[in-house]
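# Observations on chain architecture
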Amino acid sequence: MGKLFAVVLVIIALASAYPIATHMYVMPEDISTHGHQIDEQLSDTMAEAGTSFLLAQLVLAFFVWKFAERKDGGKLTNFPGGAKVMVAAAFILVGTEVLALGVFGQRAWANVYFTPPRPDALQIQAQAGQFAFYFRYPGADGKFGALYPDKIDEGNQNYFGLDPANEIESRDDIVSAELAIPVNREIYLMMHAKDVGHSFYVRELRIQQDFVPGLDLSVHFTATKTGRYEIVCTQLCGLGHYNMKAYLNVMAQDDFEKWMKQKASEL
Amino acid sequence: MEEAPAQQAHVHAPPEGFLRKYVFSLDHKVIGKQYYALGLLAVCMGMVLSWLMRFHLVWPRTRIPGLELLSKAGAPGGVITPEYYLSLLTMHGTLMVFFVLTNAPFAAFGNYFLPIQIGAEDMAFPRFNMMSFWATLVAFLVLILAFVIPDGPPISGWTSYAPLSAVGKDAGPGMGWGMNLWGISIAIFCIGSLLGALNFIATTLDLRAKGMTLMRMPICTWAWFITSCIALLAFAVLLPACILLILDRTAGTSFFIPSGLVVSDRLQPHSGGSPLLWQHLFWFFGHPEVYIAILPSMGIVSHILINSMRKPLLSARVIIYSMMSIGFLSWMVWGHHMFVSGMNPFSSLLFSFPTLTITIPATMMTLIWLGSLYGANIRISAASLFALGFISMFVSGGVSGFFLAQPSIDIVLHATYFVVGHFHMVMGVASIFGVFAGTYFWFGKMTGRMMNETLGQLHFWLTFVGTYCIFMPFHYLGLVGNVRRYSAFVNDFTGPLMPLHKFITIAALGTGAAQLIFIFNLIYSRYKGAPAPENPWNGTTLEWSIPSPPPWNNFGGKHPVIYHDPYQYNVKGSKGDYIMQDSPEPSAG
Amino acid sequence: MSSTIYEPVRTPPPALGGSKASSVRVAKVLYGAGEASRSGIWVGIFAITMSFAALTSALFVRQGSAADWTHITLPSILYANTLALLVSSATLEMARRAIAAVATMESRAARRGLGWLLATLALGFVFVAGQYEAWRQLATQGLYLATNPNSSFYYVLTAMHGLHVLAGLAALLFVISRLAAKPAALRPSMFEAAATYWHFMGVLWLYVLFVLRTKL
């Protein structure tokens, strides 16, 4: 039985490692400027975690194979070096490893969160509500109108609760169900939650950030490749959570300007 | 070596009458078994809920016969609605984390064996002990009441984030009385756990037998003791949090709800509250809670491994100090559940470092276990197989923590199946393996009859392979960005993942079915198992010095005296290959 | 294989009121540790402290989360309540000293001790009544549980403290009834635990009052 344990464990360990080693399940192509640091960090961590995993499982299997139900009546012995070796190994190996991961990892984090957006970043406001995302552009005046929750009227497509009748700034605000952005331009996305907590996740952008009701949160990023990418909600928000999504539409600069003109003319 | 405080005598009247013996018992052993039974009931319910969830994910339109009887609104025609899926998910998590993982390894085995292992007649406060079980049972009944009310169970997950959980029934189905019942249930559960933790701590500090110094306590006793210290402080924080949540829901306060929220077309009459406050309070409890779930199993597994290997660990002290470090560090890491929550990103880095640091004591323990196997002679049994399986599972679940501990990687893995895989491997599998190991090891002592070894080993093989088949693939799904808590997969990129999801579901249903072997074994052995001798495993600790099952006052009115540390195996010159703790035979130098 | 050596059963510990020939007899039904557990009450106190620490953190976070933090004037009766609670700790100590010195609960000194205990109980009820009156006074000012965040925390903190005080009153009642019984039957550790808990109620109240004054 001991030997069977060892064999089964080795099979399980190798089978578990196989899809990782063969890159069967990986994130889609990174289209952001900061994402490569995250990908490298993930890759380094996978190497360390994967090695630790395999080593530990194989050692466990080997020891059980050798030392379970010994028929040889052999003397019981202790691992050479005893506990001291284990304690030292844990401190040194793991200590350096986690320090390295922590220290190097914070650069990727800092890149996303500690650098302010550029002054000329394109400002867009995202609103998350049960169960859809809407996006607002400030229009020709470059200013966003204020939000009035009591004016929200989904039936009349006033998702944000704007008051264009009484407010000049909101008259030219453009509201869209898709997030259209120009390629290679920094986007400053301000995030507003209408009702409960939601989250903004675009795999290709390597961005995930919660919407928190009552808090003014934001992310900024630059997309480097045109295309249509899925935005999904990742914070449990109610029964429609699974279906709460939108599309990020990264366009060439000209196409984006055409899109904006088209939207403005529909106001 | 300091002398243990000598235990004072107390007259301990034997229980009389059916109610006092089996229902409202003050005997820690009966209370331990009651907790075990409750944990068993909760795990069966939680497992069935997980089958329903997994089934729905891969066969969303297939009728599950009879389900419409459980909930007409939630499963019309036997097909689960999106909201009911979330109800099942919420109840699954709540039942498993609270009523299984806090109950079985900690309250059940701890209540039964801690007093015995330190040489005490009972816990320090048997009345509080009885109250703690009954509070837990009442909490359980209040929770499952949510299944039968028309509104149904809540849909906000076991983490109940505000404002979804706080605004009331506007938030969705189940968020009216269902959510209220959740809050009340967990608040009562907190009180039960606090009373239990109080008992464990006071008993360990004050009721040790003569010669039982702290360092002579078995490793599992240490694990229960450290766990109870964590539980005392963690549940003391969750209780006020639940009260504040209930007040927001029912009394119009605004602890967690800001102004201007429009939910279901209704402007909510609250203002100024902070949703992040709930997250901070909840996770300040929630992270220590997961160590409450794993530490007792670490202790039980260590205890069983030593007995099975017939030699002590390389160092029991390192295990104990590591458990203490984990307990200590567990208070500093709660923000790693909140990296992308909108809290100050600098805090995220602060939380990341202690999170990564916890790897050190965890690795130390793993290396000690592995290193101790070297040169041993491991007796293979159902108990020892589960103990060895625990090591494998703990490693698997632990290494995924490397990823999640780093905020930058958490950006892409947060709220995906990677997280779900991580916590299921450590809690749902490793911790439960500790419970299985403990059951096979101690069933004979608790009932007077041994469990069937063949069935036990068969149970192990099916469960070991099965759980790997279920939970290892979760990590792959997460690496691709498969989001969690979805009642259906309708994203562009999840289509190709469905075959893997089907594999998982089939593995889950199969592994679930295999647990019937365990249930059968429990029931069969209770009545027909081979009679258990006093010391079937040739163990050294005090539970093996008393009859199986023990008399109502454990040691027959006498007070054991302790001469050795708990793991005198393979001692040079001893009569057998072990020396019991209360034997005056001289020990190793 | 076990060759256990057991110690003979020890004689029961001395009952409250002195160890010599005494008409006090030890309580008959003694499930539980009796004299053995002194740490239990401190463990409980630690847990309660942690709960109030959580509420205090919640207060700080709530204050910073929006611009609606205001100010409420504390009802002046609070200071009278505080005095009652602190004096009750003093009377409790008088009771403890009186009873520890007696040989039997039948003596005059013992009855005096019992008197001090009753005074403690009475002052405790005065405190609770006064806290209720303070709530009433706030309500007449239009400050209810959900009126503003300050009032919310006022009610929550004082209610949590008040509930724990009620538990302390129940413990004192239990102690008094056991001491007044004929024959008196109370384990010394039970008296100690109730007394420690009651003093903690006073200390905790001073902390809560400090928070109310400085933050609300």
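Residues numbered from 1 in each chain as written. Chains lettered and ligands numbered in written order. Predicted model: local features only at pLDDT ≥ 70, side-chain atom pairs only at ≥ 80, totals over all residues. Heavy atoms only, no water.

This part takes up the packing of helix α5 (residues 103–117) of chain B against helix α7 (residues 177–206) of chain B. Residues and elements named next belong to chain B. Between α5 and α7, the least distance of the axes is 11 Å, while the angle of their chain directions is 35°. With respect to the hand of their crossing, α5 and α7 are arranged in left-handed fashion. Seen from α5, the contacting residues are N103, F106, A107, G110, N111 and L114; seen from α7, they are F189, F200, T203 and T204. When its residues are assigned to classes, the contact of α5 with α7 shows five nonpolar, five polar and no charged. (Axes fitted to C-alpha atoms, helices over the stretch in contact; angles between N-to-C directions. Helix = DSSP H or I, 4+ residues; strand = E, 2+ residues; numbered from the N terminus. Left-handed = near helix turned anticlockwise from the far one by under 90°. Contact = heavy atoms within 4.5 Å. Nonpolar A, V, L, I, M, F, W, Y, C, P; charged D, E, K, R; others polar.)

This part is about the pattern of salt bridges. All names here are of chain C. Going through the model one piece at a time under the given rule, you end up with 16 salt bridges over all chains. One salt bridge in this structure joins E93 and R97, with 2.7 Å as the shortest N-O distance. Here R97 and E93 lie together in helix α2 (residues 77–100), a separation of four residues that amounts to about one turn. Taken together, the shared-partner salt bridges connect E93, R96, R97 and E192 into one network. (Salt bridge = Lys/Arg side-chain N within 4 Å of Asp/Glu carboxyl O.)

Residues and elements named next belong to chain B. Mapped onto the elements of the fold, M393 is located in helix α13 (residues 382–404). Separated by 74 residues in sequence, M393 and T467 place their C-alpha atoms 9.3 Å apart. Residues contacting M393, with those up to four places away along its chain left out, are M425, V429, A430, F433, F464, T467 and Y468.

Once that is clear, we can look at a positive patch on the surface. Residues and elements named next belong to chain C. The grouping of R108, R111, R112 and K182 at the surface amounts to a positive patch. Residue placement: R108 occurs in helix α3 (residues 108–140). With a relative accessible area of 65%, R108 lands in the exposed category. (Patch = residues over 30% accessible without salt bridge, like charges linked within 9 Å, V, L, I, M, F, W, Y side chains within 5 Å. Areas by Shrake-Rupley, 256 points an atom, 1.4 Å probe, with all protein chains shown as cover. Lys, Arg positive; Asp, Glu negative; His and termini not counted. Charge placed at Lys NZ, Arg CZ, Asp CG, Glu CD. Buried < 20%, exposed > 50% of the residue type's maximum accessible area, 1.4 Å probe, protein only.)

Moving on, we come to the arrangement of the chains. In this assembly, two pairs of chains are in contact, and the pair with the greatest number of contacts comprises chains A and B. Taking C-alpha atoms as the reference, chain A and chain C come no closer than 9 Å and do not contact one another.

Residue and element names in this part refer to chain A. Considered domain by domain, chain A is made up of domain 1 (2–69 + 81–113) and domain 2 (122–265). Centre-to-centre separation of domain 1 and domain 2, based on C-alpha positions: 38 Å. Each partner contributes to the interface: domain 1 provides 13 residues, whereas domain 2 provides 15 residues. Taking both partners together, domain 1 and domain 2 bury about 1,300 Å²; carbon and sulfur atoms supply 53% of that area. Per-residue buried area on domain 1 facing domain 2 is highest for M27, P28 and I31; these three make up 44% of the total on that side. There are two salt bridges connecting domain 1 and domain 2. Note that E29 and K225 form a salt bridge whose closest N and O atoms lie 2.8 Å from each other. Here domain 1 and domain 2 share 10 residue pairs in polar contact (both at pLDDT 80 or more) between them. (Domains from an automatic or database assignment. Buried area = accessible area lost by both parts, 1.4 Å probe. Polar contact = N/O pair within 3.5 Å; in protein donor to acceptor, adjacent residues only side chain to side chain.)

This brings us to unusual backbone geometry. For the bond running from Q130(A) to F131(A), omega is -5°, close enough to zero to count as cis. Mapped onto the secondary structure, F131(A) falls in the loop between β1 (122–129) and β2 (132–137). Of note in this structure, N538(B) is not a glycine but carries a positive phi near 50°. Following the sequence through the fold, N538(B) ends up in the loop between α17 (498–528) and β3 (559–560). Note on N538(B): relative accessible area 35%, which makes it partly exposed.

Time to look at the environment of T94(B). Residues and elements named next belong to chain B. Within the secondary structure layout, T94 lies in helix α4 (residues 82–100). Along the primary structure T94 and G327 are separated by 233 residues, whereas in three dimensions their C-alpha atoms are 22 Å apart. For T94, the residues in contact, after removing those within four places along its chain, are F99, L143, W158, W182 and I186. Only 3.0 Å separates the side chain of T94 from the side chain of W182, close enough to count as a polar contact.

Bringing the pairing of strand β7 (residues 207–211) of chain A into the picture now. Residues and elements named next belong to chain A. The element β7 is extensively covered by neighbouring structure, given that five of its five residues are classed as buried. Residue alternation in β7 divides its side chains into two sets, I207, Q209 and F211 and Q208 and D210, and both sets are buried. Examined bridge by bridge, strand β6 (residues 198–202) and β7 share five bridges and lie antiparallel to one another. Opposite F200, over in β7, you have Q209 as the bridge partner. Hairpin connection of β6 to β7: four residues between the antiparallel strands, including R206 at a positive phi of 55°. (Pairing = 2+ DSSP bridges.)

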